[in-house]
Amino acid sequence: MNRITSPRFIPLVLSLGIVLGILIGNFYANHYAGNRLSIINTSSNKLNDLLHIIDDQYVDPVNMSDLVEKAMPQILKELDPHSTYVSAKDVEASMQDLKGSFSGIGIQFFIYQDSVRVVRVINGGPSESVGIKAGDRIIGINKKAYIGKNVSIDSTYKLLKGPKDSKIELEIYRPAIQKKLTYSITRNDVPINSVTAAYMADETTGYIKVNSFAETTYSEFLAALANLHRQGFKGLIIDLRGNLGGYLDPAIRMAMEFLPKDRLIVYTQGRRSPRQDYKSDGRGAYQNLPLVVLVDEASASASEIFSGAIQDNDRGTIIGRRTFGKGLVQEPIQFADGSMLRLTIARYYTPSGRCVQKPYSQGDEEQYENDLFLRAEHGEYFYKDSIKTSGKAYKTRLGRKVFGGGGIIPDIFIPRDTIGMTPYFKQAYTLNLLQEFAYVYSDKNRKELMQHQNLNELVNYLDKQNILEQFAWFGSSNGLKRRNLMLKKSQKLFTRFIYGNIIDNIMDEQSAIQYDNLSDPAMLEAIKILHQGSAFPKLTRTEGKFIFGFQQTDKHIALICSRIFKLPYYATESTNPKNYKRNIQKNA
């Protein structure tokens, strides 16, 4: 019998025939049926197959890695506004603010007239140890000239930063002695303080400014509390205005300092994330301390968790304007190439059960980003009655009514103030001339200004220097037409902004914040509430309904312009420089 026709080979022959038929069928399907690949039959493998098809059959060569990098963010935009993709080269920079430090040379710099100017040398940093001084100009980096049109925030940022213990050579011009100097600097860790100010606002009132929630925030916060305790504070103001959030843990730990045991601080819950409650442990040292929290439209995420915990537990008074409205939890997921996915896996809920996440439409990123501008159009920054939220009403522990679905609504509303705002001031601000003048004036008069290390002394000295007239001449020589009537009308605004920048240049950020707070309506209202003994919320009866009985109509010119439009005030080297449009002082 022929071996091939033997019964035991029949299954093998049939199998070969089937396989051959499939191969022939696929060949003709690919070439004569428009490349309709049968393998693309589920949504889960379409993307992978699409990339393979493009790589194999697209008319021109394609850099597949670049294509994937560009496609990832677009896919995530279809989910929610906060699920993001971070490329491998940007991961480190994106995490530095949250780590509380970065590797650099330890200076704050400002770019003016195509050169890098050292504004301040950070205490204890690498530059201080080798002798770099405020006022120095960086004219060369690693034996190459660095001056002219090629100088930018982005390029300077990349050149000055580097791995810890790596070296960089700077050529410096020092105007004070009119000499060029060369320094070799070893990069090292430079701290990024998330608590940017802590001082006694008066004899009994402590003040702490928390700029972000990073790994080091809680320890910095405890140190600030201890310092204020030694000075005898009887009430506390925590300023979260402009704080865009960060890590959840420091916000929870901060709240624990003020809440009795077993009070719910926040809980998270998602489709695949079971509810997780975060409660106070009862070990906080300041459970009975009168407390006021300042917020605004740039207070987000962890700032809203802290504010919501204080408000829902009736533990303190919230003052300011409605917060941003971010109530989504992102989990970082690392890829093998070092890139990172931050995927929304749950929502935050305050103790009353409300989610502060404002509404969004999947894929409509522009609408979400325009929310703060829409608030301005609706008059929300000026009138409490214009505040609109989409969420239902909830109750605090005392029974006060609060709302979800769009940020934390403060107990006491502080509007912006348009008095004193003129087109002349707006143009000066937009052109960055206020900060540029402050730098030029500080640099030119540094020796004299440094003799006034006390804030009051420095302000009194500036009051005698006819600063506004000097600015008017500076502005006119830089394209800003002089407007005497508008200059007079905006006198207080000009003084506040220019003085604040000069104080920051000569002293430090805390001194600048302290100066700004002297005339800040929210700050003044907070101090008043503490002095009146009204920081702990109480129910009052008005027209048969229980409401929280405060209304504030003091006027205020907020610094939110710099946050919404990303115009310059100050930035750190760890901040992505692409977020800033003009010259900015930065840390390196």
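In this text, all values refer to a predicted model and were calculated from it rather than measured experimentally. (Residues numbered from 1 in each chain as written. Predicted model: local features only at pLDDT ≥ 70, side-chain atom pairs only at ≥ 80, totals over all residues. Heavy atoms only, no water.)

J.: So what exactly am I meant to see when it comes to the overall build of the protein here?
T.: When its secondary structure is counted, the protein shows 21 helices and 24 strands. The burial tally for the protein puts 49% of its 588 residues in the buried class. Across the protein, contacts joining residues at least 24 apart in sequence account for 69% of those joining residues at least 6 apart. Element-wise, carbon and sulfur atoms account for 53% of the exposed surface of the protein, whose accessible area totals about 30,000 Å². (Helix = DSSP H or I, 4+ residues; strand = E, 2+ residues; numbered from the N terminus. Buried < 20%, exposed > 50% of the residue type's maximum accessible area, 1.4 Å probe, protein only. Contact = heavy atoms within 4.5 Å. Areas by Shrake-Rupley, 256 points an atom, 1.4 Å probe, with all protein chains shown as cover.)

J.: What is the right way to read the packing of helix α13 (residues 433-444) against helix α18 (residues 491-506) from this model?
T.: Working note: a packed helix pair is described by the angle between its axes plus the distance between those axes. The interhelical angle for the contact between α13 and α18, taken along N-to-C directions, is 45°, at an axis separation of 9 Å. In terms of orientation, α13 lies oblique with respect to α18. For the crossing formed where α13 meets α18, the hand is right-handed. In this structure, α13 contributes Leu 434, Gln 435, Phe 437, Ala 438, Tyr 439, Tyr 441 and Ser 442 to the contact, and α18 contributes Phe 494, Phe 497, Ile 498, Asn 501, Ile 502, Asn 505 and Ile 506. Its residues placed into classes, the contact of α13 with α18 shows 10 nonpolar, 4 polar and no charged. (Axes fitted to C-alpha atoms, helices over the stretch in contact; angles between N-to-C directions. Parallel < 35°, antiparallel > 145°, perpendicular 65-115°, else oblique. Left-handed = near helix turned anticlockwise from the far one by under 90°. Nonpolar A, V, L, I, M, F, W, Y, C, P; charged D, E, K, R; others polar.)

J.: Help me understand the packing of aromatic side chains in this model?
T.: Aromatic rings in a pair are described by how distant their centres are and how their planes are angled relative to each other. Considering all chains together, one arrives at 18 aromatic pairs under this definition. Measuring from ring centre to ring centre gives 5.4 Å for Tyr 429 and Phe 497, while their planes differ by 90°; the resulting arrangement is edge-to-face. Here Tyr 429 is found in helix α12 (residues 423-430), whereas its partner Phe 497 is found in helix α18, with 68 residues between them in sequence. The side chain of Arg 275 reaches across the aromatic face of Tyr 267, ending 3.5 Å from its centre. Just above the ring of Tyr 381 sits the side chain of Arg 416; from NZ or CZ to the centre is 4.1 Å. (Phe/Tyr/Trp six-rings, centres within 6.5 Å; stacked < 30°, edge-to-face > 60°. Lys NZ or Arg CZ within 6 Å of the ring centre and 35° of its normal.)

J.: Could you clarify how one ought to interpret the sheet that holds strand β16 (residues 317-320) in this entry?
T.: Picture the strands of a sheet paired through backbone hydrogen bonds; they go either parallel or antiparallel. If you walk across this open sheet you meet the 6 strands as β10-β11-β12-β15-β16-β21, and the pairing is mixed. Each edge of the open sheet carries a strand with a single partner, namely β10 (195-200) and β21 (412-413). Relative to β21, β16 runs parallel, the two being bridged by 2 bridges. Across the sheet, residue Gly 320 finds its bridge partner in β21, namely Phe 413. (Pairing = 2+ DSSP bridges.)

J.: Where do I start with the nonpolar core in this structure?
T.: Nonpolar side chains tend toward joint burial in soluble globular proteins. Counting 39 residues, the largest nonpolar core has Ile 208, Val 210, Leu 236, Ile 238, Phe 258 and Phe 306 as the members making the most contacts within it. At 6 residues, the largest contribution of residues to this core is made by helix α8 (residues 248-256). Residues contacting Ile 238, with those up to four places away along its chain left out, are Ile 208, Val 210, Phe 221, Phe 258, Leu 291, Val 292, Val 293, Leu 294 and Phe 306. Ranked by size, the runner-up nonpolar core spans 37 residues in total, among them Phe 110, Phe 425, Leu 468 and Leu 493. (Core = buried A, V, L, I, M, F, W, Y, C linked by side-chain atoms within 4.5 Å.)

J.: Could you clarify how one ought to interpret the pairing of strand β15 (residues 291-295) in this entry?
T.: For a regular strand, side chains alternate in direction, first toward one face of the sheet and then toward the other. Taken across its 5 residues, β15 has 5 buried, putting it largely inside the fold. By the alternation rule, side chains of β15 split into Leu 291, Val 293 and Val 295 and Val 292 and Leu 294, which are all buried. Pairing geometry for strand β12 (residues 235-239) and β15, over 4 bridges, is parallel. Across the sheet, the residue bridging to Ile 238 is Val 293, located in β15. Sheet topology places β15 next to β16; 4 bridges connect them, and they run parallel. Its bridge partner being in β16, Leu 294 is matched across the sheet by Ile 319. Considered for its hand, the β-α-β crossover made up of β15, helix α9 (residues 302-312) and β16 is right-handed. (Right-handed = clockwise from strand over helix to strand, strands pointing away.)

J.: Could you clarify how one ought to interpret the packing of helix α15 (residues 455-463) against α18 in this entry?
T.: One way to put it is that α15 packs onto α18 with a least axis distance of 11 Å and a crossing angle of 130°. With respect to α18, the element α15 is oriented oblique. Of the two elements, α15 crosses α18, and the hand of that crossing is right-handed. On α18, the residues touching Leu 455, Leu 458, Val 459, Leu 462 and Asp 463 of α15 are Tyr 499, Ile 502, Ile 503 and Ile 506.

J.: What is the right way to look at helix α3 (residues 64-77) in this model?
T.: Because each turn of an α-helix spans 3.6 residues, side chains separated by three or four positions end up pointing in the same direction. The end-to-end C-alpha separation of α3 is 20 Å, in line with the 20 Å expected for 14 residues at 1.5 Å each. Regarding α3, its N-cap is Asn 63, as a side-chain oxygen of that residue lies 3.2 Å from the backbone nitrogen of Ser 65 further along. (Expected span 1.5 Å × (residues − 1). Polar contact = N/O pair within 3.5 Å; in protein donor to acceptor, adjacent residues only side chain to side chain.)

J.: Would you take a moment to explain α9 for this structure?
T.: Most of α9 sits out of view: 11 of its 11 residues are buried. Every buried residue of α9 is accounted for by Ala 302, Ser 303, Glu 304, Ile 305, Phe 306, Ser 307, Gly 308, Ala 309, Ile 310, Gln 311 and Asp 312. Looking one or two residues beyond α9, the residue adopting positive phi is Asp 314, at roughly 50°.

J.: Looking at this model, I keep getting lost on the pattern of salt bridges. Mind explaining?
T.: Note that side chains of opposite charge can pair when their charged atoms are close. This model, assessed by the stated rule, comprises 28 salt bridges. The salt bridge involving Lys 149 is made with Asp 114; its shortest N-O contact spans 3.6 Å. Of this pair, Lys 149 sits in the loop between β6 (144-145) and α6 (153-160) while Asp 114 sits in the loop between β3 (107-112) and β4 (115-121); the two residues are 35 residues apart in sequence, bridging distant segments of the chain. Of the charged contacts in the structure, one is a salt bridge between Asp 281 and Arg 283, with a shortest N-O distance of 3.2 Å. Through salt bridges with shared partners, a single ionic network connects Lys 209, Asp 239, Arg 241, Arg 496, Asp 516 and Asp 520. (Salt bridge = Lys/Arg side-chain N within 4 Å of Asp/Glu carboxyl O.)

J.: Before we go on, may I ask you to explain the environment of Gly 162 in this structure?
T.: For Gly 162, the location among the structural elements is in the loop between α6 and β7 (167-174). Put simply, Gly 162 and Ser 103 are 59 residues apart on the chain and 6.2 Å apart in space, counted from C-alpha to C-alpha. Apart from residues lying up to four places away in sequence, Gly 162 is in contact with Ser 103 and Arg 187.

J.: What is the right way to look at the environment of Val 440 in this model?
T.: Here Val 440 lies in helix α13. The class of Val 440 is partly exposed, set by a relative accessible area of 23%. Note: C-alpha distance between Val 440 and Tyr 112 (328 residues apart in sequence) is 8.8 Å. Beyond its immediate chain neighbours, meaning those up to four positions away, Val 440 contacts Tyr 112 and Phe 474.

Spatial relationships are all this shows, so hold off on functional conclusions.
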